[in-house]
Amino acid sequence: MTYGVIAGFDPYGVRRGAGEPGPLMDINQRYVYPQIVRSGRYSSAVFGTSTVRLLDPQRLDKLLGGRFANLAMNAATPWEQMQIADLFLRHTPAPGTLVFGIDAPWCDRDADSEAKRLTPRPFPPWLYDDDRLNDWAHLFNSKNLEIALRVAAYRLGLMDERIRGDGYEVFVPPEDTYDLSRARMHIWQGHAPEAVTSVVPAETVSEAERKSWRFPALAWLDAMLARAPATTRKMILLPPVHVAVQPRPGSKAVMHEEACKAMLAEIAQRHGALLLDFRRSSPVTREDSNYWDPMHYRIGIARRIEETLAAAMGGTTEADDGFFVTPGSPVW
C-alpha cells in the first residue's frame, strides 16, 4: 500500500520526464527542483540561496526575455548550488540567461571541505544524477509517503501547491504584517552599532597572508560558466544584505571580501558575464525598513533588483544612488 501511494503520486517526478512538473509539495527545495529542471520548460534560471529567492521568474521573463525558473535554495552551500546548476546545464542544451547569486560562503577559504559541502538539511544526490532507476531505492520511506499524501491532497483540491511550478515562493511574511521595530530587533540582534563604522586603526594584512587566501568555490563557478554556451547570457549577482552583516571598513574581513570580489570580476570578464555588486554600503543596505532581518530584504527591493538587472543588461553601469556597480561590460 505504502509503495503504491508513493509510486502512484510520484512526489519528486521520478516517472516524469519533459513536460509539466508535478505539484511541488516538499518544503526542502533540494528535493523538488530537479523535476523543474527535467521538465524542459525553462530556458533560464536563477541559482543561489534565500537572498535571491524573491526574484520572480515571471517578471524576469518580461524584463530579460526567455522563460525563467528560480532554483535558489534556502541556506544552500556553494557545492549544493553547483549541483542544481550542473543538472540545469545537462538538461538545457541552449540556456538563455543564467543568474548566479553569490553570498559570503562563496568566499570561504574552506568552501571545498566536507564540513562546508552540506547543511543539516538533507540533500538527495540520487535526484541529481542521470540514473533514474536508482531513485526508486530511496523513495520508499515515511518522509516520502508524507509528501506523496500531500500530492494526493493537492490533486483532491484539499491543499495548495507548496512552491509555484517555476520554483518561486514568497517565503517572507505578508507585507501588511511588517513591523519596523521588530525588524530592527532581528537586523541588529547580536550586531553592535559600531558594526557599520570603520575599524580604527585600520587592520593590516601581510603579503604572505594575502597570498594564502584561496577561494575554491569560485573555481567551481569559473568552470560552470566555461561550460555554458557562448550564446548564453551570464549574470553574477551579489545580493544586498544589510550593512549590519557586511564586513566593517578597515577590517581584515573587508580586505578578504574585496579580494574575493576582485576574483569574481576576473571570472566575469573571462566569460563575458555581467557582474552586479549590491553587497556594499548603499542607501538601500543602510535603510532598516528595507529588511525583515539582516539577510532578507522586502518584496519592493526584489522588484528593484529585477528592474536593475534589466537596466544593466541594457548598458546602465550604476544606479543614481549607488545601489550597484558593474565593473565591466559583458560580451553578448
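Note: the structure precedes this text.
Residues numbered from 1 in each chain as written. Predicted model: local features only at pLDDT ≥ 70, side-chain atom pairs only at ≥ 80, totals over all residues. Heavy atoms only, no water.

Explanation requested: the nonpolar core in the structure shown.
A general feature of soluble globular proteins is that nonpolar side chains tend to end up buried together. Core analysis: the biggest nonpolar cluster contains 59 residues, and Phe47, Leu71, Ile84, Phe100, Ile102, Leu221 and Ile236 have the highest contact counts within it. With seven residues, the single largest contributor to this core is helix H4 (residues 78–91). Counting 35 residues, the second largest nonpolar core, distinct from the first, contains Leu64, Phe68, Phe278 and Met313. (Core = buried A, V, L, I, M, F, W, Y, C linked by side-chain atoms within 4.5 Å. Buried < 20%, exposed > 50% of the residue type's maximum accessible area, 1.4 Å probe, protein only. Helix = DSSP H or I, 4+ residues; strand = E, 2+ residues; numbered from the N terminus.)

Could you clarify how one ought to interpret the packing of aromatic side chains in this entry?
The geometry of an aromatic ring pair comes down to the distance between the two centres and the angle between the two planes. Scanning the model with the defined rule gives nine aromatic pairs in all. For the ring pair Tyr12 and Tyr31, a centre distance of 5.3 Å and an interplane angle of 45° mean the geometry is tilted. Here Tyr12 is found in the loop between helix H1 (2–9) and helix H2 (29–38), whereas its partner Tyr31 is found in helix H2, with 19 residues between them in sequence. For Tyr12, a relative accessible area of 2% gives the class buried. Taken together, the ring pairs in this structure connect Tyr12, Tyr31 and Trp126 into an aromatic cluster. Over the ring of Tyr31 we find Lys143, and its NZ or CZ is 3.7 Å from the ring centre. Between Arg298 and the ring centre of Tyr178, over which it is positioned, the NZ or CZ distance is 3.6 Å. (Phe/Tyr/Trp six-rings, centres within 6.5 Å; stacked < 30°, edge-to-face > 60°. Lys NZ or Arg CZ within 6 Å of the ring centre and 35° of its normal.)

What's the story with a nonpolar patch on the surface in this structure? I'm lost.
A cluster of nonpolar residues, Tyr154, Leu156, Leu158 and Met159, forms a patch on the protein surface that exposes about 420 Å² of accessible area. Inspection of the secondary structure assignment puts Met159 in the loop between helix H7 (142–155) and helix H8 (180–188). (Patch = residues over 30% accessible without salt bridge, like charges linked within 9 Å, V, L, I, M, F, W, Y side chains within 5 Å. Areas by Shrake-Rupley, 256 points an atom, 1.4 Å probe, with all protein chains shown as cover. Salt bridge = Lys/Arg side-chain N within 4 Å of Asp/Glu carboxyl O.)

So what exactly am I meant to see when it comes to the state of the cysteines here?
What we call a disulfide is simply a covalent bond connecting the sulfur atoms of a pair of cysteines. Taken as a whole and judged by the stated rule, the model has one disulfide. Disulfide pairing places Cys107 opposite Cys260 at an S-S distance of 2.0 Å. Taking the sign of the S-S torsion, about -80° here, the bridge from Cys107 to Cys260 comes out left-handed. On the criterion of sequence distance, the pair formed by Cys107 in the loop between strand S3 (97–101) and helix H5 (114–117) and Cys260 in helix H11 (residues 252–270) is long-range, its members being 153 residues apart. The exposure classification of Cys107 matches that of Cys260, with both residues buried. (Disulfide = S-S within 2.5 Å.)

Please explain helix H10 (residues 216–227) as it appears in this structure.
Because the α-helix completes a turn every 3.6 residues, residues three or four places apart line up on one side. For H10, spanning twelve residues, the distance from its first C-alpha to its last is 17 Å, which sits close to the expected 16 Å at 1.5 Å a residue. Here H10 has its buried residues at Pro216, Ala217, Leu218, Leu221, Met224 and Leu225. The inward-facing, buried residues of H10 abut H4, S3, strand S4 (233–238) and H11. (Expected span 1.5 Å × (residues − 1). Contact = heavy atoms within 4.5 Å.)

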